[in-house]
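What the coordinates show
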Amino acid sequence: MTARPTFIGLPDEAFVGGKWRTASGPTSEITDPANGQILQTVSQCTATDVDDAVAAGAAASADPGWCGLLPHQRARYLHRIADLIERDADRLATLQTFNTGKTFTETRALVGSAAATFRYFAAVVETHDEPMTTARGNYRTWIQHEPIGVIGAIAPWNSPIASDAQKLAPALAAGNAVILKPAEWTPLVSLALARLIEESGLPAGLVSVLPGRGSVVGDAIVRHPGVGKVSFTGGTSTGRGLAHIAADKLMPVSLELGGKSPTVVLDDADVEQAIAGVIYGIFSSSGQSCIAGSRLFVQESLYDEFVGRLIERTRSLRVGDGFDPSTRVGPLVHRRHRDSVAGYVDLAREEGGRILCGGAIPDDPALACGAYYLPTIIDGLGAQARACREEIFGPVLVVLPFTDDDDLVAKANDSVYGLAAGIWTRDYRRALALAGRIDAGTVWINTYKAFSISTPFGGIKESGLGTEKGREGIAAYSRVKGVYLGMDPEPNPWVPA
Ligand code: NAD
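Note that the structure is a prediction, hence the values are computed from the model and not measured.

Our focus in this paragraph is the sheet that holds strand S14 (residues 354-357). The sheet built from seven strands is open, its strands ordered S14-S15-S16-S13-S12-S18-S19 with mixed pairing. Whereas interior strands pair on both sides, the edge strands pair on one side only; in this sheet they are S14 and strand S19 (442-445). Strand-to-strand twist of the sheet, defined as the mean angle between neighbouring strand axes without regard to direction, takes the value 25 degrees. In the sheet, strand S12 (residues 262-265) pairs with strand S13 (residues 295-299) via four bridges, with the strands oriented parallel. Note that in S13 the partner of Pro262 across the bridge is Arg295. Packed onto the sheet, helix H14 (residues 405-412) meets S12, S13 and strand S16 (396-402) and runs at close to 170 degrees relative to S13.

Written as structure tokens, this is what we have:
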């Protein structure tokens with residue numbers, strides 16, 4: 001165990017319309033999930049702060065100092081933000097490990113990916129060509145992408161800064177202002193990012209960061225008439241409620257929602273590679289990942305051997321403090337969330353599941369005050385068991401056997417979700433056929449949780465609406481306008497001379 005760094009807190013202020021101020025709502029305590037201690041307090045924003053942020057965002061996005069910039073000039077701001085994130089990467093990652101419990105290795109990678117996201121969208125906006133469309137008369141036509149105005153960006157607690165960047169970078173690149181609402185439990189790194197954005201010289205008012213409750217500040221952002229689009233990442237039931245409000249406003253929304261992703265091990269898989277991939281797919285981030293491979297399907301002929309080895313390797317994962325470099329599984333984000341995960345495992349027991357490993361809070365006294373839970377593998381459950389159907393969002397894997405590919409597809413698709421899937425096999429023909437048949441927005445073959453900002457990402461079924469990332473990521477924050485330029489020198493002959 002290495003020594004923990006000293007926690008350096010942030011001033012208790014929200015970034016509202018380009019100014020730092022104490023938020024208008026009550027304060028909440030931000031805790032360290034590794035030991036339950038209070039790190040600092042953060043005041044929560046209310047609808048008043050949203051009003052001010054929207055007014056400032058609307059003014060800043062309409063100001064010629066921003067809307068008059070050419071794409072390569074906007075790109076310069078994104079590069080400056082990326083430079084500052086890279087300069088402060090260790091500090092940001094430390095803050096995020098304190099706030100979320102994630103291992104420092106992971107938070108350092110998330111910070112790196114946030115900087116890379118700003119650079120990627122800087123490159124995209126500089127190289128984004130507006131196509132001429134095919135004319136059907138004596139005119140020229142083309143489309144142009146224009147900013148929407150003020151974007152609401154609502155983020156979950158599991159990967160702040162990376163998810164913040166995935167919304168901020170394309171929205172700014174497209175020429176908008178953004179109001180970012182981090183999750184209640186994890187606002188710190190988003191507030192730190194706001195200070196870097198301010199330092200970058202981005203015109204004031206273009207970015208606001210409003211911590212607070214979803215039902216208060218999140219709801220006010222979604223309902224505000226001045227907000228022209230909301231990009232939401234979070235749970236499916238929250239997303240559904242938000243979509244109803246958006247429908248009333250006729251406002252576009254992007255929804256990145258939950259998952260219960262199947263990972264499939266076929267009888268010809270490279271077993272060593274598949275075991276490592278399955279373990280990483282569910283237990284990295286302590287299972288708190290929308291794309292966690294939380295339902296494992298193993299072909300019957302390989303089942304006993306594979307599951308036996310999986311249990312052995314899972315037991316060797318070190319559970320502990322995220323600052324300890326040997327830790328693989330850190331605490332969950334909060335004791336309340338840990339209790340919800342434990343509740344699902346208790347339910348699985350009642351539903352007839354066999355706990356093959358884990359299934360408990362660790363008994364190490366050094367971890368007693370933290371939000372820890374042991375990596376858990378369960379089998380023997382029926383497909384209708386709640387642990388097989390609902391997103392647990394923790395280090396819990398359910399394992400189910402299958403006979404052949406048709407049986408597998410039926411079982412894997414028997415879910416309301418369709419976010420991701422993993423396939424482990426040496427037979428690429430079989431893999432590609434299955435990839436086409438499984439309901440998922442992303443399919444990984446002989447890898448899992450590999451991510452590239454240049455590849456569009458989104459869920460199907462109840463896992464989401466719309467895609468983020470990729471070159472089209474900018475279009476998601478734009479309005480499209482068709483322009484016709486008449487070339488005829490004569491007056492319109494329909495009107496008598
Ligand atoms: P959540 O839905 O509880 O909250 C997400 C955000 O929405 C938070 O900022 C919250 O404050 C806000 N919110 C809550 N109620 C709101 C309301 N009525 N109006 C507006 N905003 C509101 O989700 P969570 O617990 O923070 O995150 C976990 C969930 O996020 C999981 O379901 C996970 O799968 C999902 N997730 C999805 C992706 C993806 O890309 N598909 C990525 C990460 C997390």
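That shown, we press on.
Before going further, it helps to examine empty space enclosed by the protein. Counted by the stated rule, this structure contains two cavities of 30 Å³ or more. Of the volumes computed, that of the largest cavity is approximately 70 Å³. What lines the largest cavity is a set of 13 residues, among which Ala292, Ser294, Glu391, Ile392 and Phe393 lie closest to the centre. Partitioned by chemical class, the residues of the lining of the largest cavity number six nonpolar, five polar and two charged. The space that makes up the second largest cavity amounts to roughly 40 Å³. Lining the second largest cavity we find Ser28, Val42, Ser43, Gln44, Ala183, Glu184, Pro187, Pro211 and Gly212. In terms of residue class, the lining of the second largest cavity is built from four nonpolar, four polar and one charged.

The end-to-end C-alpha distance of helix H9 (residues 236-249) is 20 Å, a good match for the 20 Å that 14 residues give at a rise of 1.5 Å each. Against strand S7 (150-154), helix H8 (214-223), strand S10 (229-233), strand S11 (253-256) and strand S17 (417-418) lie the buried residues of H9. In the stretch just after H9, Leu250 is the one whose phi turns positive, near 55 degrees.

Among the nonpolar cores identified, the biggest contains 89 residues, and Ile85, Phe118, Phe121 and Val230 are the most heavily contacted of them. The element best represented in this core is helix H5 (residues 104-126), accounting for ten residues. Residue contacts for Phe121: discarding those within four places in its chain leaves Leu78, Ala169, Pro170, Ala173, Ile453, Lys469, Gly470, Gly473 and Ile474. Residues Ala274, Val278, Ala292 and Leu317 belong to the second largest nonpolar core, which totals 36 residues.

About the criteria used
- Residues numbered from 1 in each chain as written.
- Predicted model: local features only at pLDDT ≥ 70, side-chain atom pairs only at ≥ 80, totals over all residues.
- Heavy atoms only, no water.
- Pairing = 2+ DSSP bridges.
- Helix = DSSP H or I, 4+ residues; strand = E, 2+ residues; numbered from the N terminus.
- Axes fitted to C-alpha atoms, helices over the stretch in contact; angles between N-to-C directions.
- Contact = heavy atoms within 4.5 Å.
- 1 Å grid on protein atoms, 1.4 Å probe; cavity = no way out; pocket = protein on both sides within 12 Å on 5 of 7 lines; lining within 4 Å.
- Points joined across faces, edges and corners; volume = space filled by probe spheres on them.
- Nonpolar A, V, L, I, M, F, W, Y, C, P; charged D, E, K, R; others polar.
- Expected span 1.5 Å × (residues − 1).
- Core = buried A, V, L, I, M, F, W, Y, C linked by side-chain atoms within 4.5 Å.
- Buried < 20%, exposed > 50% of the residue type's maximum accessible area, 1.4 Å probe, protein only.

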